[in-house]
Amino acid sequence: MEDLIALGQKYVMNTYRRLPVVLVRGSGAYVWDSEGNKYLDFVSGIAVNSLGHCPQVVTEAIKEQAEKLIHCSNLYWIEPQIKLAQKLVESSCCHKAFFCNSGTEANEAAVKLARKWGKGRFEIITMEKSFHGRTLGSLAATGQEKYQKDFRPLPAGFKYVPFNDLKALEDAVTFQTCAVMLECIQGEGGVNVPDPGYLQGVQEICRKNNLLLIVDEVQTGLGRTGKAFAYQHFNISPDIITLAKALGSGVPIGAMLAKEEVAEAFQPGDHAATFGGNPLATQAALAATSVLLDEKFLAEVAEKGQYFKAELAKLKEDFSQITKVKGLGLMVGCELSIDALPIVEFCMKHKVLINAVGGNILRFVPPLIVTKSEIDQVINTLKEALLQNHK
Ligand SMILES: *Cc1c(COP(=O)(O)O)cnc(C)c1O
(Lines give C-alpha, C1' and ligand atoms only; values in the text may rest on other atoms or scores of the structure.)
Protein backbone atom coordinates (compact mmCIF):
# COMPACT_ATOMS: atom_id res chain seq x y z
CA MET A 1 0.00 0.00 0.00
CA GLU A 2 2.83 2.41 0.87
CA ASP A 3 4.50 1.87 -2.53
CA LEU A 4 1.25 2.67 -4.31
CA ILE A 5 0.77 5.84 -2.27
CA ALA A 6 4.34 6.90 -3.09
CA LEU A 7 3.60 6.40 -6.79
CA GLY A 8 0.44 8.45 -6.41
CA GLN A 9 2.38 11.25 -4.80
CA LYS A 10 4.78 11.18 -7.71
CA TYR A 11 2.26 11.07 -10.58
CA VAL A 12 -1.14 12.31 -9.39
CA MET A 13 -1.67 16.05 -9.10
CA ASN A 14 -1.74 17.26 -5.54
CA THR A 15 -5.31 18.56 -5.28
CA TYR A 16 -6.67 16.45 -2.42
CA ARG A 17 -5.74 15.98 1.20
CA ARG A 18 -5.95 12.19 1.19
CA LEU A 19 -6.00 9.77 4.10
CA PRO A 20 -3.22 7.16 3.72
CA VAL A 21 -5.24 4.17 2.51
CA VAL A 22 -5.96 2.70 -0.92
CA LEU A 23 -9.54 1.46 -1.22
CA VAL A 24 -9.96 -1.45 -3.58
CA ARG A 25 -13.33 -3.09 -2.98
CA GLY A 26 -16.75 -2.29 -1.57
CA SER A 27 -19.97 -4.05 -0.69
CA GLY A 28 -23.02 -2.51 1.01
CA ALA A 29 -21.94 -0.12 3.74
CA TYR A 30 -18.36 -1.48 3.80
CA VAL A 31 -15.12 -0.89 1.91
CA TRP A 32 -11.81 -2.73 2.02
CA ASP A 33 -8.31 -1.35 1.59
CA SER A 34 -5.52 -3.03 -0.34
CA GLU A 35 -4.24 -4.73 2.83
CA GLY A 36 -7.58 -6.36 3.55
CA ASN A 37 -8.79 -4.01 6.30
CA LYS A 38 -12.56 -3.57 6.37
CA TYR A 39 -14.15 -0.17 7.09
CA LEU A 40 -17.70 0.89 7.85
CA ASP A 41 -18.21 3.70 5.35
CA PHE A 42 -20.16 6.75 6.59
CA VAL A 43 -18.72 8.94 3.84
CA SER A 44 -20.05 6.91 0.89
CA GLY A 45 -18.07 8.82 -1.71
CA ILE A 46 -19.51 12.03 -0.20
CA ALA A 47 -23.19 11.21 -0.58
CA VAL A 48 -22.67 9.38 -3.88
CA ASN A 49 -22.95 5.71 -2.91
CA SER A 50 -26.43 6.10 -1.48
CA LEU A 51 -27.30 2.48 -2.23
CA GLY A 52 -24.04 1.30 -0.71
CA HIS A 53 -21.12 -0.09 -2.68
CA CYS A 54 -21.77 -2.14 -5.80
CA PRO A 55 -25.54 -2.48 -5.34
CA GLN A 56 -26.67 -5.42 -7.43
CA VAL A 57 -29.44 -3.57 -9.34
CA VAL A 58 -26.96 -0.98 -10.56
CA THR A 59 -24.06 -3.36 -11.19
CA GLU A 60 -26.33 -5.60 -13.30
CA ALA A 61 -27.70 -2.62 -15.24
CA ILE A 62 -24.17 -1.43 -16.01
CA LYS A 63 -23.06 -4.90 -17.14
CA GLU A 64 -26.06 -5.30 -19.43
CA GLN A 65 -25.85 -1.82 -20.92
CA ALA A 66 -22.07 -2.14 -21.41
CA GLU A 67 -22.70 -5.02 -23.78
CA LYS A 68 -25.46 -3.17 -25.65
CA LEU A 69 -24.43 0.49 -26.15
CA ILE A 70 -22.01 2.40 -23.94
CA HIS A 71 -22.14 5.76 -25.62
CA CYS A 72 -23.83 7.54 -28.46
CA SER A 73 -24.19 11.20 -29.30
CA ASN A 74 -27.09 13.43 -28.34
CA LEU A 75 -27.49 13.90 -32.10
CA TYR A 76 -29.75 10.84 -31.66
CA TRP A 77 -32.43 9.85 -29.15
CA ILE A 78 -31.26 7.70 -26.23
CA GLU A 79 -33.80 5.35 -24.62
CA PRO A 80 -32.59 5.22 -20.99
CA GLN A 81 -32.05 9.02 -21.06
CA ILE A 82 -35.69 9.55 -22.04
CA LYS A 83 -36.90 7.17 -19.34
CA LEU A 84 -34.70 8.78 -16.69
CA ALA A 85 -35.96 12.25 -17.64
CA GLN A 86 -39.54 11.00 -17.30
CA LYS A 87 -38.84 9.52 -13.90
CA LEU A 88 -37.14 12.65 -12.50
CA VAL A 89 -39.87 14.89 -13.88
CA GLU A 90 -42.65 12.71 -12.48
CA SER A 91 -41.13 12.75 -9.01
CA SER A 92 -40.48 16.53 -8.92
CA CYS A 93 -42.22 19.84 -9.66
CA CYS A 94 -40.24 20.24 -12.91
CA HIS A 95 -41.13 19.32 -16.50
CA LYS A 96 -37.91 18.89 -18.46
CA ALA A 97 -34.43 17.43 -17.82
CA PHE A 98 -30.97 18.17 -19.20
CA PHE A 99 -28.15 15.72 -18.49
CA CYS A 100 -24.47 16.32 -17.84
CA ASN A 101 -21.70 14.64 -15.85
CA SER A 102 -21.25 16.34 -12.49
CA GLY A 103 -22.71 18.73 -9.97
CA THR A 104 -20.68 21.72 -11.05
CA GLU A 105 -21.75 21.15 -14.63
CA ALA A 106 -25.41 20.94 -13.63
CA ASN A 107 -25.04 24.30 -11.88
CA GLU A 108 -23.29 25.84 -14.90
CA ALA A 109 -26.28 24.73 -16.96
CA ALA A 110 -28.65 26.31 -14.43
CA VAL A 111 -26.76 29.62 -14.56
CA LYS A 112 -26.91 29.67 -18.36
CA LEU A 113 -30.60 28.76 -18.43
CA ALA A 114 -31.46 31.44 -15.86
CA ARG A 115 -29.58 34.08 -17.86
CA LYS A 116 -31.17 33.08 -21.17
CA TRP A 117 -34.59 33.12 -19.47
CA GLY A 118 -33.73 36.48 -17.88
CA LYS A 119 -33.51 38.17 -21.31
CA GLY A 120 -30.82 40.62 -20.25
CA ARG A 121 -31.18 40.25 -16.51
CA PHE A 122 -28.10 38.30 -15.47
CA GLU A 123 -27.45 38.65 -11.77
CA ILE A 124 -27.81 35.60 -9.51
CA ILE A 125 -27.96 35.90 -5.73
CA THR A 126 -26.44 32.99 -3.81
CA MET A 127 -25.67 32.32 -0.15
CA GLU A 128 -22.64 32.79 2.03
CA LYS A 129 -21.14 29.39 2.98
CA SER A 130 -22.75 27.84 -0.09
CA PHE A 131 -21.03 25.31 -2.30
CA HIS A 132 -21.89 24.92 -5.98
CA GLY A 133 -18.74 23.45 -7.54
CA ARG A 134 -15.25 24.21 -8.81
CA THR A 135 -15.59 25.28 -12.45
CA LEU A 136 -15.42 29.05 -12.84
CA GLY A 137 -19.15 29.77 -13.07
CA SER A 138 -20.10 27.52 -10.16
CA LEU A 139 -17.10 28.79 -8.22
CA ALA A 140 -18.35 32.35 -8.73
CA ALA A 141 -21.71 31.17 -7.35
CA THR A 142 -20.01 29.60 -4.32
CA GLY A 143 -20.11 32.10 -1.44
CA GLN A 144 -16.80 31.10 0.14
CA GLU A 145 -13.73 33.29 -0.22
CA LYS A 146 -11.31 30.41 0.50
CA TYR A 147 -12.31 28.59 -2.69
CA GLN A 148 -12.28 31.72 -4.87
CA LYS A 149 -9.30 33.78 -3.78
CA ASP A 150 -6.55 32.37 -6.05
CA PHE A 151 -8.67 32.13 -9.17
CA ARG A 152 -9.84 35.65 -9.94
CA PRO A 153 -11.15 37.13 -12.10
CA LEU A 154 -14.29 35.02 -11.79
CA PRO A 155 -17.34 35.49 -14.02
CA ALA A 156 -19.26 38.58 -12.91
CA GLY A 157 -22.90 38.73 -11.88
CA PHE A 158 -22.99 36.89 -8.53
CA LYS A 159 -23.92 38.38 -5.19
CA TYR A 160 -23.86 36.72 -1.79
CA VAL A 161 -26.15 37.13 1.19
CA PRO A 162 -26.19 35.30 4.55
CA PHE A 163 -28.26 32.09 4.65
CA ASN A 164 -31.42 32.43 6.78
CA ASP A 165 -31.58 36.22 6.30
CA LEU A 166 -34.63 37.26 4.25
CA LYS A 167 -34.05 40.97 4.73
CA ALA A 168 -30.54 40.75 3.26
CA LEU A 169 -31.91 38.81 0.29
CA GLU A 170 -34.67 41.32 -0.36
CA ASP A 171 -32.18 44.20 -0.17
CA ALA A 172 -29.81 42.50 -2.64
CA VAL A 173 -32.39 42.24 -5.45
CA THR A 174 -31.89 44.74 -8.29
CA PHE A 175 -33.45 45.31 -11.72
CA GLN A 176 -30.66 43.09 -13.11
CA THR A 177 -31.38 40.08 -10.89
CA CYS A 178 -32.78 36.97 -12.61
CA ALA A 179 -32.46 34.24 -9.98
CA VAL A 180 -31.74 33.11 -6.44
CA MET A 181 -29.72 29.93 -6.09
CA LEU A 182 -29.29 27.96 -2.88
CA GLU A 183 -28.92 24.58 -1.23
CA CYS A 184 -31.95 23.69 0.95
CA ILE A 185 -29.45 22.36 3.47
CA GLN A 186 -25.90 23.61 3.02
CA GLY A 187 -23.60 20.60 2.79
CA GLU A 188 -19.99 21.68 2.37
CA GLY A 189 -20.74 24.85 4.39
CA GLY A 190 -21.39 22.76 7.51
CA VAL A 191 -24.76 20.95 7.24
CA ASN A 192 -26.71 24.17 7.82
CA VAL A 193 -30.47 23.71 8.08
CA PRO A 194 -32.85 26.54 7.11
CA ASP A 195 -34.90 28.29 9.81
CA PRO A 196 -38.64 27.51 9.77
CA GLY A 197 -40.31 29.58 7.05
CA TYR A 198 -37.04 30.77 5.49
CA LEU A 199 -37.25 28.87 2.19
CA GLN A 200 -40.90 29.85 1.76
CA GLY A 201 -39.84 33.44 2.37
CA VAL A 202 -37.17 33.10 -0.32
CA GLN A 203 -39.77 31.76 -2.72
CA GLU A 204 -42.07 34.72 -1.94
CA ILE A 205 -39.27 37.17 -2.70
CA CYS A 206 -38.61 35.33 -5.97
CA ARG A 207 -42.28 35.38 -7.03
CA LYS A 208 -42.68 39.05 -6.09
CA ASN A 209 -39.63 40.09 -8.13
CA ASN A 210 -40.08 37.64 -11.02
CA LEU A 211 -36.87 35.74 -10.13
CA LEU A 212 -36.19 32.06 -10.66
CA LEU A 213 -35.66 29.91 -7.60
CA ILE A 214 -32.79 27.52 -8.32
CA VAL A 215 -32.29 24.75 -5.80
CA ASP A 216 -28.93 22.93 -5.81
CA GLU A 217 -29.86 19.41 -4.75
CA VAL A 218 -26.53 17.91 -5.83
CA GLN A 219 -25.93 16.66 -2.28
CA THR A 220 -29.45 16.65 -0.78
CA GLY A 221 -31.20 15.10 -3.78
CA LEU A 222 -32.59 11.62 -4.33
CA GLY A 223 -33.43 10.44 -0.87
CA ARG A 224 -30.57 11.78 1.24
CA THR A 225 -32.91 13.77 3.51
CA GLY A 226 -35.69 11.18 3.63
CA LYS A 227 -37.62 12.65 0.72
CA ALA A 228 -36.89 12.38 -2.99
CA PHE A 229 -35.80 16.04 -2.99
CA ALA A 230 -34.98 18.15 0.06
CA TYR A 231 -37.16 21.03 -1.17
CA GLN A 232 -40.20 18.78 -0.59
CA HIS A 233 -39.76 19.21 3.17
CA PHE A 234 -40.28 22.96 2.92
CA ASN A 235 -43.45 23.44 0.87
CA ILE A 236 -41.72 25.24 -1.99
CA SER A 237 -41.72 24.65 -5.74
CA PRO A 238 -38.35 25.56 -7.32
CA ASP A 239 -38.08 26.56 -10.98
CA ILE A 240 -34.75 24.78 -11.51
CA ILE A 241 -33.28 21.80 -9.63
CA THR A 242 -29.73 20.49 -10.04
CA LEU A 243 -28.66 16.94 -9.25
CA ALA A 244 -25.55 14.78 -9.41
CA LYS A 245 -23.89 12.89 -6.55
CA ALA A 246 -26.34 10.04 -5.79
CA LEU A 247 -28.04 10.02 -9.19
CA GLY A 248 -25.86 7.35 -10.83
CA SER A 249 -25.02 5.43 -7.68
CA GLY A 250 -21.32 5.97 -8.41
CA VAL A 251 -21.46 6.35 -12.19
CA PRO A 252 -20.75 10.01 -13.04
CA ILE A 253 -23.93 11.80 -14.08
CA GLY A 254 -25.51 15.18 -13.37
CA ALA A 255 -28.87 16.66 -14.26
CA MET A 256 -30.69 19.95 -14.38
CA LEU A 257 -34.46 19.90 -14.15
CA ALA A 258 -36.61 22.93 -14.98
CA LYS A 259 -40.22 23.96 -15.22
CA GLU A 260 -41.68 24.11 -18.72
CA GLU A 261 -41.82 27.90 -19.06
CA VAL A 262 -38.17 28.15 -17.96
CA ALA A 263 -36.86 25.18 -19.96
CA GLU A 264 -38.39 26.77 -23.07
CA ALA A 265 -35.66 29.41 -23.02
CA PHE A 266 -33.12 26.82 -24.23
CA GLN A 267 -33.17 26.09 -27.95
CA PRO A 268 -30.95 23.70 -29.95
CA GLY A 269 -27.39 24.97 -29.84
CA ASP A 270 -27.70 26.83 -26.53
CA HIS A 271 -26.16 24.15 -24.34
CA ALA A 272 -24.68 20.67 -24.68
CA ALA A 273 -22.47 18.02 -23.14
CA THR A 274 -20.84 15.28 -25.23
CA PHE A 275 -21.17 12.63 -22.53
CA GLY A 276 -24.34 14.10 -21.01
CA GLY A 277 -27.00 11.47 -20.41
CA ASN A 278 -25.17 8.74 -22.31
CA PRO A 279 -26.66 5.24 -22.37
CA LEU A 280 -24.35 3.73 -19.74
CA ALA A 281 -24.78 6.53 -17.19
CA THR A 282 -28.53 6.91 -17.65
CA GLN A 283 -29.16 3.16 -17.49
CA ALA A 284 -27.21 3.07 -14.20
CA ALA A 285 -29.20 6.06 -12.91
CA LEU A 286 -32.48 4.44 -13.95
CA ALA A 287 -31.58 1.40 -11.88
CA ALA A 288 -30.43 3.54 -8.93
CA THR A 289 -33.55 5.72 -8.93
CA SER A 290 -35.82 2.66 -9.04
CA VAL A 291 -34.76 2.21 -5.40
CA LEU A 292 -33.88 5.78 -4.34
CA LEU A 293 -37.30 7.18 -5.24
CA ASP A 294 -39.31 4.36 -3.66
CA GLU A 295 -41.65 5.72 -0.95
CA LYS A 296 -41.02 2.89 1.49
CA PHE A 297 -37.26 3.24 1.08
CA LEU A 298 -37.52 7.00 1.69
CA ALA A 299 -39.61 6.50 4.83
CA GLU A 300 -36.89 4.21 6.21
CA VAL A 301 -34.21 6.82 5.47
CA ALA A 302 -36.20 9.42 7.41
CA GLU A 303 -36.64 7.04 10.33
CA LYS A 304 -32.99 5.98 10.46
CA GLY A 305 -31.95 9.63 10.24
CA GLN A 306 -34.07 10.48 13.27
CA TYR A 307 -32.56 7.57 15.16
CA PHE A 308 -29.02 8.64 14.27
CA LYS A 309 -29.63 12.24 15.32
CA ALA A 310 -31.26 11.13 18.58
CA GLU A 311 -28.24 8.93 19.38
CA LEU A 312 -25.89 11.83 18.66
CA ALA A 313 -28.01 14.09 20.89
CA LYS A 314 -27.57 11.54 23.71
CA LEU A 315 -23.82 11.62 23.12
CA LYS A 316 -23.93 15.42 23.28
CA GLU A 317 -25.30 15.19 26.84
CA ASP A 318 -22.21 13.25 27.94
CA PHE A 319 -19.56 15.06 25.92
CA SER A 320 -19.17 18.82 26.12
CA GLN A 321 -17.02 18.74 22.94
CA ILE A 322 -20.27 18.32 20.98
CA THR A 323 -21.91 21.72 20.65
CA LYS A 324 -24.62 21.02 18.10
CA VAL A 325 -26.30 18.14 16.26
CA LYS A 326 -27.96 19.10 13.00
CA GLY A 327 -29.20 17.83 9.67
CA LEU A 328 -32.13 16.12 8.02
CA GLY A 329 -32.58 12.45 7.16
CA LEU A 330 -29.20 10.82 6.68
CA MET A 331 -27.38 14.10 6.09
CA VAL A 332 -26.16 14.74 9.59
CA GLY A 333 -23.71 17.20 11.09
CA CYS A 334 -22.13 17.27 14.51
CA GLU A 335 -20.47 20.54 15.50
CA LEU A 336 -17.52 20.28 17.88
CA SER A 337 -15.71 22.71 20.14
CA ILE A 338 -12.49 20.92 19.13
CA ASP A 339 -10.69 20.23 15.85
CA ALA A 340 -12.53 17.49 13.93
CA LEU A 341 -9.51 15.96 12.18
CA PRO A 342 -8.18 13.91 15.14
CA ILE A 343 -11.70 12.46 15.53
CA VAL A 344 -11.81 11.52 11.84
CA GLU A 345 -8.36 9.92 12.14
CA PHE A 346 -9.25 8.03 15.32
CA CYS A 347 -12.37 6.65 13.64
CA MET A 348 -10.39 5.55 10.60
CA LYS A 349 -7.89 3.76 12.81
CA HIS A 350 -10.90 2.01 14.33
CA LYS A 351 -12.26 1.10 10.89
CA VAL A 352 -15.00 3.68 10.57
CA LEU A 353 -14.87 6.28 7.79
CA ILE A 354 -16.36 9.70 8.54
CA ASN A 355 -15.72 13.13 7.09
CA ALA A 356 -15.26 16.67 8.44
CA VAL A 357 -16.18 20.04 6.98
CA GLY A 358 -15.27 23.54 8.09
CA GLY A 359 -12.55 22.31 10.47
CA ASN A 360 -14.84 21.48 13.41
CA ILE A 361 -17.96 19.84 11.98
CA LEU A 362 -18.27 16.09 11.54
CA ARG A 363 -20.35 15.30 8.48
CA PHE A 364 -22.10 11.94 8.21
CA VAL A 365 -23.53 10.95 4.83
CA PRO A 366 -23.77 7.16 5.17
CA PRO A 367 -25.22 4.94 2.49
CA LEU A 368 -29.00 5.15 2.80
CA ILE A 369 -29.14 1.35 3.16
CA VAL A 370 -27.32 1.60 6.50
CA THR A 371 -28.79 -0.35 9.45
CA LYS A 372 -29.42 0.82 13.01
CA SER A 373 -26.74 -1.52 14.30
CA GLU A 374 -24.24 0.10 11.91
CA ILE A 375 -25.33 3.49 13.24
CA ASP A 376 -24.75 2.14 16.77
CA GLN A 377 -21.25 1.06 15.76
CA VAL A 378 -20.42 4.58 14.60
CA ILE A 379 -21.85 6.08 17.79
CA ASN A 380 -19.69 3.75 19.89
CA THR A 381 -16.53 4.55 17.94
CA LEU A 382 -17.30 8.24 18.23
CA LYS A 383 -17.74 7.84 21.98
CA GLU A 384 -14.25 6.33 22.26
CA ALA A 385 -12.82 9.07 20.05
CA LEU A 386 -14.33 11.77 22.25
CA LEU A 387 -13.06 10.08 25.41
CA GLN A 388 -9.51 10.38 23.99
CA ASN A 389 -9.88 13.91 22.59
CA HIS A 390 -10.86 16.36 25.27
CA LYS A 391 -9.35 19.53 23.86
C1 LIG B 1 -20.60 18.27 -4.40
C2 LIG B 1 -21.45 19.45 -4.69
C3 LIG B 1 -21.34 20.16 -5.90
C4 LIG B 1 -20.27 19.86 -6.91
O5 LIG B 1 -20.43 18.61 -7.51
P6 LIG B 1 -19.24 18.00 -8.41
O7 LIG B 1 -19.85 16.76 -8.98
O8 LIG B 1 -18.08 17.76 -7.51
O9 LIG B 1 -18.95 19.00 -9.46
C10 LIG B 1 -22.23 21.18 -6.13
N11 LIG B 1 -23.17 21.51 -5.23
C12 LIG B 1 -23.30 20.85 -4.07
C13 LIG B 1 -24.38 21.26 -3.12
C14 LIG B 1 -22.45 19.80 -3.76
O15 LIG B 1 -22.55 19.18 -2.57
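Given the structure is predicted, the values throughout are model-derived calculations rather than measurements. (Residues numbered from 1 in each chain as written. Predicted model: local features only at pLDDT ≥ 70, side-chain atom pairs only at ≥ 80, totals over all residues. Heavy atoms only, no water.)

Asker: Which residues make up the environment of G143, and what are the values?
Answerer: Position of G143 among the secondary structure elements: in the loop between helix 6 (136–141) and helix 7 (145–148). Separated by 193 residues in sequence, G143 and L336 place their C-alpha atoms 23 Å apart. Apart from residues no more than four positions distant in its own chain, G143 is found in contact with M127, E128, K129, S130 and Y160. (Helix = DSSP H or I, 4+ residues; strand = E, 2+ residues; numbered from the N terminus. Contact = heavy atoms within 4.5 Å.)

Asker: Tell me about the packing of helix 13 (residues 341–349) against helix 14 (residues 372–388), residues and numbers included.
Answerer: The interhelical angle for the contact between helix 13 and helix 14, taken along N-to-C directions, is 130°, at an axis separation of 9 Å. One finds that helix 13 runs oblique with respect to helix 14. As for the relative orientation of helix 13 and helix 14, their crossing is right-handed in sense. Along the contact surface, helix 13 presents I343, F346 and C347, while helix 14 presents T381, L382, E384, A385, L386 and Q388. (Axes fitted to C-alpha atoms, helices over the stretch in contact; angles between N-to-C directions. Parallel < 35°, antiparallel > 145°, perpendicular 65-115°, else oblique. Left-handed = near helix turned anticlockwise from the far one by under 90°.)

Asker: Break down helix 3 (residues 56–66) for me, with residues and values.
Answerer: Residues V58, A61 and Q65 constitute the buried set of helix 3. What you see down the axis of helix 3 is that its buried residues fit within an arc of 65°, all on one side. Away from its buried face, by an angle of more than 90 degrees, helix 3 presents the exposed residues Q56 and E64. (Buried < 20%, exposed > 50% of the residue type's maximum accessible area, 1.4 Å probe, protein only. Arc of directions from axis to C-beta.)

Asker: So, the pairing of strand 7 (residues 177–182): which residues are in play, and what are the values?
Answerer: In terms of burial, strand 7 is a largely internal element, six of the six residues being buried. Bridge count for strand 5 (residues 123–127) against strand 7 is three bridges, and the pairing is parallel. By the bridge assignment for strand 7, I124 is matched with A179. Two strands pair when backbone bridges link them, and strand 7 and strand 8 (residues 212–216) are joined in this way by four bridges, in the parallel orientation. Within strand 8, the residue paired with M181 across the bridge is I214. As a crossover connection, the stretch from strand 7 through helix 9 (residues 198–208) into strand 8 is right-handed. (Pairing = 2+ DSSP bridges. Right-handed = clockwise from strand over helix to strand, strands pointing away.)

Asker: Quick rundown of the site of the ligand? Include the residues and the values.
Answerer: For the ligand, the full set of nearby residues is S102, G103, T104, N107, F131, H132, G133, E183, D216, V218, Q219 and K245. Within the backbone of G103, a nitrogen or oxygen atom sits 2.8 Å from an oxygen atom of the ligand. Protein contact buries 81% of the 390 Å² of open area that the ligand shows by itself. Ranked by residue count, the leading element in the shell around the ligand is helix 5 (residues 103–118), at three residues. Across the shell around the ligand, the residue classes break down as two nonpolar, seven polar and three charged. (Near = heavy atom within 4 Å. Polar contact = N/O pair within 3.5 Å; in protein donor to acceptor, adjacent residues only side chain to side chain. Areas by Shrake-Rupley, 256 points an atom, 1.4 Å probe, with all protein chains shown as cover. Nonpolar A, V, L, I, M, F, W, Y, C, P; charged D, E, K, R; others polar.)

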